[in-house]
Amino acid sequence: MGQFRLPWVVGLPAVAVVFAGIGLWRERAAPSYSYYRDVAPILSRRCEHCHSTGGLAARPRLGTYEDVSKVGAKMKYMVQARMMPPWIAENSGICRTWNDSSWLTNEELSTLVHWQEQGMPRGDPSAPSPLERKSLPDIGRADVTLDTGADYTAGLGASAYRCFVVDPELPRDRMLTGIRVVSTDPRMVAQVTIFSPESDEAEAEIARLDREDPGPGYSCYGSPRAEPARLVASWTWDSPSLPFPEGTGLRLEARRKLVVQIHYNVITSGLGAATRTRVDMRLNDIEEVRAASFEALSARDIALAPGKVQVEAEGERAVDRPTTVLGVAPQMHTLGRTMQIDLVRGASRDCAANFDHWNFYSQRLFIYDEPLQLEPGDRLKITCVYNTESTARPIQRGAGIQDEECKANLYVVTR
Ligand code: HEC
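Quick caveat, the model's predicted, so the values are computed rather than measured.

## Comments concerning the packing of helix α2 (residues 35-46) against helix α5 (residues 106-117)
The contact between α2 and α5 brings their axes to 10 Å, and the two run at 125°. Put simply, α2 runs oblique to α5. Handedness of the crossing formed by α2 with α5: left-handed. Every residue of α5 that contacts α2 at Tyr-35, Asp-38, Val-39, Ile-42, Leu-43, Arg-45 and Arg-46 is listed here: Glu-108, Thr-111, Leu-112 and Trp-115. Of the residues in the contact of α2 with α5, the class split is six nonpolar, one polar and four charged.

In structure tokens, the structure reads:
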């Protein structure tokens, strides 16, 4: 035995050569991916709750090798452009991360892309990786349900936006801690925003608008068209439930009616399709949760030159008391491309949110994994970037379908 044992110093170079060899091989050969081992678990976790029978996008189905390989090139394009899964808040960690994010990690993205480029190898069906579907958040109980009361047939243009006046019949003030949106055709409802009129005059005004507009509800686009009105929820279609940040809620006043504003998407169900929407509200008593509110960070003026690939609007807000920002509901109209929020403290500037894949249909309340702590003296800056190539006239700030907005509704609690 002894004669075969090499002194360790002599053995070292040989070992080094072997390791160097492995290193070279690693660098040269791209990892190879297979459907059953690498791709199916990602699609199951990230896509299939929508892309399967009964999901929001029954087509394309992404549950079998045959289904996926048929749409491989399109899938690669959609994930590279970050159009799928739908999620507009950058989540790589460069600019904070968000609760329950659907953003693909770089590793997931590169696996899907490389697999497609490698000719979509099937791999070994007898040894698949375990699959797990994404579990969507759920508010659980519904204490009060807002019913829009009738089927609504949405069209293109202004008729795709509607405000419904609903009375939650609250005998006392309560805290709204989450909503769940249920529609007879969920594919038609892209966004739900809820407002609370803040005066008897505003409430009378929405009643008048409702009365004078034929059909259920009244026409509205960027606002409920009555002032003052406070934002109390901003939801988008990618998940039925939107629980508000843990342990917090927004106050709803007793006997106040609410406005449920709906943006319809007529593309998937076709013109002429109708749907009726209910909003389940989870309520808590006032003393059970901390009172939050939405505070606006916005560009005061917007003046966008037409015909530009890139044109900006900016705004700023000074912080006057210790505040915790738990979430952000960004708001731009259809020309928006990106929105960034920066926290300026003394000479330092820190990214607070980056919505870099804007999609008009995906506006909602995004909730931070780690809340943002603000101190008096801090400033928040908002920068919105638009593409105005499709327009021939200057664009102003406003709540109309021809106008633009540059606003972040910050979900805050005072410390
Ligand atoms: C929240 C639901 C949802 C999730 C999650 C989702 N999709 Fe989609 N997807 C849709 C909807 C809705 C459409 C149809 C949109 C349209 O046609 O405008 C769609 C369309 C597509 C299309 C077809 C586009 C076309 O033009 O034909 C592809 C491919 C696709 N998604 C891939 C994916 C992949 C891959 C994932 C996961 C990495 C994913 N999607 C996750 C909802 C979703």
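## Some points on the domain arrangement of the protein
The assigned domain composition of the protein is domain 1 (35-117), domain 2 (144-288) and domain 3 (292-414). On a C-alpha basis, the centroid separation for the pair domain 1 and domain 2 is 31 Å.

## Topic: the pattern of salt bridges
In a structure, side chains of opposite charge can pair up when their charged atoms sit close to one another. The final tally for this structure, using the stated rule, is 34 salt bridges. The salt bridge involving Arg-187 is made with Asp-185; its shortest N-O contact spans 3.2 Å. The exposure class assigned to Arg-187 is partly exposed, which follows from its relative accessible area of 39%. As a salt-bridge pair, Glu-203 and Arg-256 come within 2.9 Å of each other at their nearest N and O atoms. Pair noted here: Glu-203 is in helix α6 (residues 200-212) and Arg-256 is in the loop between β9 (248-252) and β10 (258-264), with a separation of 53 residues, a long-range link.

## Overview of the environment of Leu-326
Checked against the element boundaries, Leu-326 lands in strand β16 (residues 323-331). Separated by 82 residues in the primary sequence, Leu-326 and Phe-244 place their C-alpha atoms 9.2 Å from one another. The residues contacting Leu-326, other than those within four sequence positions of it, are Pro-245, Thr-248, Phe-366, Ile-367, Tyr-368, Pro-371, Tyr-411 and Val-413.

## As for unusual backbone geometry
Pro-60 follows Arg-59 through a cis peptide bond whose omega is -5°. Counting through the fold element by element, Pro-60 comes out in the loop between α2 and α3 (65-70). In this model, Met-84 is joined to Pro-85 through a cis peptide bond whose omega is -15°. For Pro-85, the location among the structural elements is in the loop between α4 (72-80) and α5. At Glu-169, a residue that is not glycine, the phi angle is positive and equals roughly 50°. Along the chain, Glu-169 falls in the loop between β3 (161-166) and β4 (174-183).

## Considering the sheet that holds strand β15 (residues 311-318)
If you walk across this open sheet you meet the four strands as β15-β20-β17-β18, and the pairing is antiparallel. Whereas interior strands pair on both sides, the edge strands pair on one side only; in this sheet they are β15 and β18 (348-355). Between one strand axis and the next, the sheet turns by 20° as a mean value, whatever way the strands run. Direction of pairing for strand β17 (residues 336-345) relative to β18: antiparallel, over a ladder of seven bridges. Bridge pairing in β18 links Asp-342 to Cys-351.

## Description of the UniProt feature "domain: Copper type II ascorbate-dependent monooxygenase C-terminal" (unreviewed entry) in the protein
UniProt tags residues 327-408 as "domain: Copper type II ascorbate-dependent monooxygenase C-terminal" (unreviewed entry). Helix and strand shares over residues 327-408 are 0% and 54% respectively, and the end C-alpha atoms of the span are 10 Å apart.

Reading the values: rules and limits
- Residues numbered from 1 in each chain as written.
- Predicted model: local features only at pLDDT ≥ 70, side-chain atom pairs only at ≥ 80, totals over all residues.
- Heavy atoms only, no water.
- Axes fitted to C-alpha atoms, helices over the stretch in contact; angles between N-to-C directions.
- Helix = DSSP H or I, 4+ residues; strand = E, 2+ residues; numbered from the N terminus.
- Parallel < 35°, antiparallel > 145°, perpendicular 65-115°, else oblique.
- Left-handed = near helix turned anticlockwise from the far one by under 90°.
- Contact = heavy atoms within 4.5 Å.
- Nonpolar A, V, L, I, M, F, W, Y, C, P; charged D, E, K, R; others polar.
- Domains from an automatic or database assignment.
- Salt bridge = Lys/Arg side-chain N within 4 Å of Asp/Glu carboxyl O.
- Buried < 20%, exposed > 50% of the residue type's maximum accessible area, 1.4 Å probe, protein only.
- Pairing = 2+ DSSP bridges.
- UniProt positions renumbered as here; feature names shortened; annotations may be inferred.

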